[in-house]
Amino acid sequence: MTTPPATRRLLLVDDDEALGPPLAAFFRRHGIEMQQATRPSDALALLRTPGVKGGFDAALLDVMLPEMDGFELCRQLRREPPPLATLPLVMLTARGDVMDRVVGLELGADDYLPKPFEPRELLARLQTVWRRTAAPATAPAASAAADTPAPLRFERLEIDLARRSVTADGRAVELTGTEFELLVLLAATPGRVFSRDDILARLRGHAAEDIHSRAVDILISRLRRKLEPLDLIHTLRNAGYLFAGVRV
């Protein structure tokens, strides 16, 4: 079997040195180059190197790490200047602990996967995250105007679908790929009520379970905080969420 050329770069932050080589070999077969850092300080140094996001397309963060745990590392990365602040992050949580997953999402992780995990499931999660964060391909010059999606404009809010950017009250709002997709999902049909299952089916492609339902609430809370003082996402008790913006 011919190994495809690497099209993505992935950083694994895990102090289990035995995990890296077989996982790297698996990803290599799927065109992904994986590098491992066993200490958060090394991971931060790699990610802060010159270039977009240190040249990495995503990072996998184990929860149990020396120096600082994966939660603190996630928190630090989300406080970095753009574009590193929006680097896709997947938390690796020991024993599938529910609170670990909740905390990781609250701090800005895009997804989580309990240990032990199947490499194929991890690959599928990463591909889903990358699909959510991928910017639309640039159209040929002759058809650029026709192919470029029109921005969603509301009072005090603009969502540029082509550039994947959001402006609220004239200021840029930094969103992760998951947060951006959630906002677009809600804003595309103002007034429509989306249940938690609806949202998860659109964002992750599977129905909700208890922890997944909690994940939606966390994502909504994160998005609301970033859009403050705008109050555009409303909760309908026992029904779901709706976007209350007025198109202009």
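See the structure printed just above.
Reference entry: report on the structure contained in this document. Computed from a predicted model, the values in this text were never measured in an experiment.

## What about the environment of V184?
Relative to the elements of secondary structure, V184 occurs in helix α7 (residues 177–187). Considered as a pair, V184 and L152 are 32 residues apart in the sequence and their alpha carbons are 8.5 Å apart. If we ignore the near neighbours within four places in the chain, the residues touching V184 are I159 and L161.

## Some details on the pattern of salt bridges
One pass over the full model with this rule turns up 16 salt bridges. Here E33 and R9 are joined by a salt bridge, their closest N and O atoms 3.8 Å apart. In this pair, E33 is assigned in strand β2 (residues 32–37) and R9 in strand β1 (residues 8–13), connecting sequence segments 24 residues apart. A salt bridge links R48 to E80, with the shortest nitrogen-to-oxygen separation between them at 2.6 Å. With R48 in the loop between α2 (40–47) and β3 (58–62) and E80 in the loop between α3 (70–78) and β4 (89–94), this pair connects stretches of sequence that are 32 residues apart.

## Considering the sheet that holds strand β7 (residues 157–160)
Pairing is antiparallel across the open sheet formed by 4 strands, whose spatial order is β6-β7-β8-β9. Among the strands making up the open sheet, the edge pair consists of β6 (152–154) and β9 (171–173). Direction aside, neighbouring strands of the sheet carry axes that sit 20° apart on average. Bridge count between β7 and strand β8 (residues 165–168): 4 bridges; the pairing is antiparallel.

## Describing the sheet that holds β4
Read across the sheet, 5 strands follow the order β2-β1-β3-β4-β5 without closing on themselves; strand pairing throughout is parallel. For this open sheet the edge positions go to β2 and β5 (111–115), each flanked by a neighbour on one side alone. Recorded for the sheet is a direction-independent mean angle of 20° between the axes of neighbouring strands. In this structure, β1 lies alongside β3, joined through 4 bridges in parallel fashion.

## Observations regarding the pairing of β4
Most of β4 sits out of view: 6 of its 6 residues are buried. In β4, alternate side chains face the same way, and those of L89, M91 and T93 on one face and V90, L92 and A94 on the other are all buried. Of the strand pairs in this sheet, β3 and β4 are connected by 4 bridges, and their pairing is parallel. Bridging across to β4, L60 finds its partner in V90. Both β4 and β5 contribute to a ladder of 5 bridges, which runs parallel. Paired with L92 across the strands is L113, a residue of β5.

## Considering the packing of aromatic side chains
By the definition in use, this model includes 2 aromatic pairs. Their ring planes at 65° and their centres at 5.5 Å tell us that F26 and F27 sit as a pair that is edge-to-face. When sorted by exposure, F26 lands in the same class as F27, which is buried. Taking NZ or CZ as reference, R9 lies 4.2 Å from the ring centre of F56, over its face.

## Observations regarding the nonpolar core
L157, I159, V166 and F243 are the most contacted members of the largest nonpolar core, which has 30 residues in total. Elements represented by at least two residues in this core include exactly β6, β7, β8, α7, α8 (196–203), α9 (210–227) and β11 (240–243). With 7 residues, the top contributor of residues to this core is α7. In contact with I159, other than residues within four places in its own chain, are P151, L152, F154, S165, V166, F180, L183, V184 and A187. Counting 27 residues, the second-largest nonpolar core is a separate cluster that includes L11, V13, F56 and I218.

## A closer look at the packing of α7 against α8
Following both chains from N to C, one finds α7 and α8 inclined at 125°, their axes separated by 11 Å at the closest point. As far as their axial angle goes, α8 and α7 are oblique. The interaxial crossing formed by α7 with α8 has right-handed handedness. Contact residues: T178, E181, L182 and L185 in α7; I199, R202 and L203 in α8. Broken down by class, the residue content of the contact of α7 with α8 amounts to 4 nonpolar, 1 polar and 2 charged.

Rules used throughout
- Counting restarts for each chain: residues are numbered from 1 in the order of the written sequence.
- Restriction of local features to residues with pLDDT of at least 70 applies here, the model being predicted, together with a cutoff of 80 or more for giving and counting side-chain atom pairs; totals for whole chains, interfaces and linings are based on all residues.
- With hydrogens and water set aside, each side-chain value is computed from the structure's full complement of heavy atoms.
- Only runs of H or I of at least four residues qualify as helices and only runs of E of at least two qualify as strands under DSSP, and these elements are numbered from the N terminus.
- Two residues qualify as a contact provided that any one of their heavy atoms is within 4.5 Å of a heavy atom in the partner residue.
- Whenever Lys or Arg places a side-chain nitrogen within 4 Å of a carboxyl oxygen from Asp or Glu, that contact is recorded as a salt bridge.
- When DSSP finds two or more bridges between two strands, those strands count as paired.
- To get an axis, fit a line to the C-alpha atoms, keeping to the stretch in contact for a helix; angles then go from 0 to 180 degrees between the N-to-C directions.
- Burial here depends on accessible area, computed with a 1.4 Å probe over protein chains only, as a share of the maximum for the residue type. Under 20% is buried, over 50% is exposed, and the range in between is partly exposed.
- Pairing of aromatic side chains here covers Phe, Tyr and the six-membered ring of Trp, requires ring centres within 6.5 Å, and sorts the geometry by plane angle: under 30 degrees stacked, over 60 edge-to-face, intermediate tilted.
- Whether a charge lies above a ring is judged from NZ of Lys or CZ of Arg, which has to be within 6 Å of the ring centre and within 35 degrees of the ring normal.
- Take the buried residues of types Ala, Val, Leu, Ile, Met, Phe, Trp, Tyr and Cys, join any two whose side-chain atoms come within 4.5 Å, and each joined set is a nonpolar core.
- Any angle that falls under 35 degrees is termed roughly parallel, while one over 145 is termed roughly antiparallel, one within 65 to 115 roughly perpendicular, and all others oblique.
- Each crossing gets its handedness from the near helix: less than a right angle anticlockwise from the far helix is left-handed, clockwise is right-handed.
- Amino acids are sorted into nonpolar (Ala, Val, Leu, Ile, Met, Phe, Trp, Tyr, Cys and Pro), charged (Asp, Glu, Lys and Arg) and polar (every other residue, Gly among them).

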